[in-house]
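# Survey of secondary and tertiary structure
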Amino acid sequence: MAQEPNVFLIDPPGQDLVPFLKAADLMISDCSSAAFQFLALDRPLILINNPQRFTTPECFDEQGIEWQWRDMATQVNNIQQLHSAIQAALDTPETNGSVRRCYRERLFGHYTDGNAVQRVAAHLRTLAAEITP
């Protein structure tokens, strides 16, 4: 990936994704929960469908949200489709936008303003005040 200055493969897997999510114009993923974090930003997603998913039950649950909500993204079934999917997502980022916003609302409500920490801290102060004599 070093030869592609605008492409970042996040490694190690446990690294904080937030700075990368905030900087990204689009995300390419598979069935990672990181795609749902990115959904909060209402930016294009490309999801790669692993052709072996049907034969790997521990990785595929057709009832799982990561498989039920794939219409929030452009789906790629083979690597040959990836380049054109990236170009299309950059050219027309609004593709799948109404679906993304629907799911975003279902997951996050109106709490996508980046102030979750402040809300949690205020709530904790309120709770602490209620139990402090």
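Data block above holds the structure.
For clarity, every value in this text was computed on a predicted model and none was experimentally measured.

It is worth spelling out the pairing of strand β2 (residues 45–48) at this point. Bridging between strand β1 (residues 27–29) and β2 involves three bridges; their strand directions are parallel. Counted as the bridge partner of Ile 28 is Ile 46 from β2. With three bridges joining them, β2 and strand β3 (residues 74–76) adopt parallel strand pairing. Across the sheet, Ile 46 pairs through a bridge with Thr 74, a residue of β3.

What follows deals with the sheet that holds β1. In space, the three strands of this open sheet follow the order β1-β2-β3, with parallel pairing throughout. With partners counted over all chains shown, the strands left at the sheet margins are β1 and β3, one partner each. Averaged over all pairs of adjacent strands, the angle between strand axes in this sheet comes to 20°, irrespective of strand direction.

Taken together, Val 120, Leu 124 and Leu 127 make up a surface patch of nonpolar side chains, about 260 Å² in accessible area. Looking at the secondary structure, you find Leu 124 in helix α6 (residues 116–131).

What counts and what doesn't
Numbering of residues starts from 1 in each chain and follows the order in which that chain's sequence is written. At least 70 in pLDDT is required for a residue's local features to be given in this predicted model, at least 80 for side-chain atom pairs to be given and counted, and no such filter applies to totals for whole chains, interfaces and linings, which use all residues. Side-chain numbers come from the whole structure's heavy atoms, not from hydrogens or water. Two strands make a pair as long as DSSP finds a minimum of two bridges between them. Runs of H or I in DSSP of at least four residues are treated as helices and runs of E of at least two as strands, each being numbered from the N terminus. Only the contacting stretch of a helix is used when fitting its axis, a line to C-alpha atoms as for every element, and angles between N-to-C directions run 0 to 180 degrees. Patch membership is restricted to residues that have no salt bridge and whose relative accessible area is over 30%. Joining uses 9 Å for like charges and 5 Å for the nonpolar side chains Val, Leu, Ile, Met, Phe, Trp and Tyr. Accessibility throughout is a Shrake-Rupley quantity obtained with a 1.4 Å probe, and a residue counts as covered only by protein chains that appear here. Put simply, a salt bridge is a Lys or Arg side-chain nitrogen that is within 4 Å of an Asp or Glu carboxyl oxygen.

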